[in-house]
Amino acid sequence: MNVRVTTEVAEADAAAIKAAACILRNGGLVAFPTETVYGLGADATNGFAVAKLYAAKGRPSFNPLIAHVSDLAAARLIAQFDDAANRLAAFWPGPLTLVLPKRAGCLVAELATAGLETIAVRVPSHPVARDLLAILRRPIVAPSANRSGHVSPTHARHVLADLDGRVDLVLDAGNTPVGVESSIVACIDGSTQLLRPGGLPRTDLERALGHPLMPVDAAAIDNGNEAPMAPGMLASHYAPRARIRLNADRVNSGEAVLAFGTNWPPGGQDAAVLLNLSERGDLVEAAANLFSHLRALDATGAASIAVMPVPSEGLGEAINDRLARAAAPRPGS
Ligand code: TXA
Ligand code: MG
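The sections below set out a description of the structure shown in this document. (Residues numbered from 1 in each chain as written. Chains lettered and ligands numbered in written order. Predicted model: local features only at pLDDT ≥ 70, side-chain atom pairs only at ≥ 80, totals over all residues. Heavy atoms only, no water.)

Between side chains of opposite charge, pairing is possible as soon as their charged atoms come close. Tallying each qualifying case throughout the model produces 13 salt bridges. Note that Glu35 is salt-bridged to Arg122, the shortest N-O span being 2.9 Å. Of this pair, Glu35 sits in the loop between β2 (30-33) and β3 (38-43) while Arg122 sits in strand β6 (residues 118-122); the two residues are 87 residues apart in sequence, bridging distant segments of the chain. In this structure, Arg138 and Asp43 form a salt bridge, with 2.7 Å as the shortest nitrogen-oxygen distance. Here Asp43 lies in strand β3 and Arg138 lies in the loop between α5 (127-136) and β7 (140-141), a separation of 95 residues in the sequence. Several salt bridges converge on common partners, so that one network encompasses Glu181, Asp321, Arg322 and Arg325. (Salt bridge = Lys/Arg side-chain N within 4 Å of Asp/Glu carboxyl O. Helix = DSSP H or I, 4+ residues; strand = E, 2+ residues; numbered from the N terminus.)

Listed below in structure tokens is the structure:
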């Protein structure tokens, strides 16, 4: 096994992308930008590489991975599309993941799907991810490129902060444009469920389907021992070190502030550290800033971060979902 102790970071130009494809082909790990967040990629067809990826991330191996493919034709080789899935595939390339029945003969390693009969598939739109997939000509499994339980990376420096020495190469393309992970929809046995709100708003999905998405059965999400339906939807996930105080209507002394809009709560003007998700109250801008602001506020060493209310429409659903997880009690604490 090639144990690497240093991580290379390269500006994501054509030569670097070629080198990345070569590393993947040889069973190595590459972090690369997608339009949502940076992913930690491995050749999906190489079980050994997938095992290394789980180890690098510190991820419980029952938590399955998303297979990234170059286009719909490649997706059809590994998954079965029903009517609803065909409609939703119109959003590809883009920030949408479909959980579908695995197709017989699917070459993705069993370990990547954690023994489930379904597979999560997505066609990313980021040009670097697309080039990498086009050169490799194999699916790439990629969870967000953070240590398990940490905030997702929206910049190459976030990847390094979490994974330096555990990944062979980081392709650096600056900030990721969307900033929250893909929306995940399961299309199975004729039902369509939103397993994770994300970069594609619910209203767009429901308009394409022509009907509302079904609510997710809570018991299926985090049932403790068996493989849950969307195992990553564990209560405490995107966990900064600081305590997160949601819907703050005032700021306590010493608290850092994550603001939205300009109607700051009492005490907000005097806060030592304040970062604004979007001064003009734009939810797209807020999603793009969410994880980097959380990381930056956490790095100030403040014991508590007061978060101002964020409306729940559009990308606000995904933003509030991630904030609720960041605020949830930590395992063992
Ligand atoms: O935007 C994204 O989706 C990013 C970029 C890198 O593509 N990826 C990402 O991957 O967020 P990850 O591993 O952090 O989250 C994927 C989620 C996990 O919650 C996992 O449990 C769920 O997808 N998942 C994967 N396969 C599944 C399956 N067959 N059934 C249900 N949930 C699945
Ligand atoms: Mg993740």
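Side chains Val30 and Phe32 of β2 all project onto a buried face; the interleaved residues Ala31 and Pro33 project onto the opposite face, where all are buried too. Judged from the four bridges that link them, β2 and β3 form a sheet pairing that is antiparallel. Residue pairing for β3: Val30 is matched across the bridge by Gly41. Hairpin remark: β2 followed by β3, antiparallel, with four residues in the connecting loop. (Buried < 20%, exposed > 50% of the residue type's maximum accessible area, 1.4 Å probe, protein only. Pairing = 2+ DSSP bridges.)

Moving on, we come to the sheet that holds strand β4 (residues 66-68). Within a sheet, each strand pairs with its neighbour through backbone hydrogen bonds, oriented either parallel or antiparallel. One open sheet accounts for 10 strands, arranged β1-β8-β2-β3-β7-β4-β6-β5-β9-β10; its pairing is mixed. Since the sheet does not close on itself, it has two edges, and those belong to β1 (8-11) and β10 (191-196), each with one partner. Two strands pair when backbone bridges link them, and strand β5 (residues 96-101) and strand β9 (residues 183-188) are joined in this way by four bridges, in the parallel orientation. Bridge pairing in β9 links Val99 to Ala186. Sheet strands in contact with helix α2 (residues 47-57) are β3 and β7, and its direction is about 150° off that of β3. (Contact = heavy atoms within 4.5 Å. Axes fitted to C-alpha atoms, helices over the stretch in contact; angles between N-to-C directions.)

The next subject is the nonpolar core. In terms of nonpolar packing, the biggest core is built from 48 residues, with Ile78, Phe81, Trp92, Leu98, Val141 and Val185 touching the most fellow members. For this core, the element with the most residues is α2, which contributes five residues. Other than its neighbours up to four places away in sequence, Leu98 contacts Phe81, Ala85, Leu88, Ala89, Trp92, Ile119, Ala120, Val121, Val185 and Cys187. Listed in part, the 26 residues of the second largest apolar core include Ala242, Ile244, Ala256 and Leu323. (Core = buried A, V, L, I, M, F, W, Y, C linked by side-chain atoms within 4.5 Å.)

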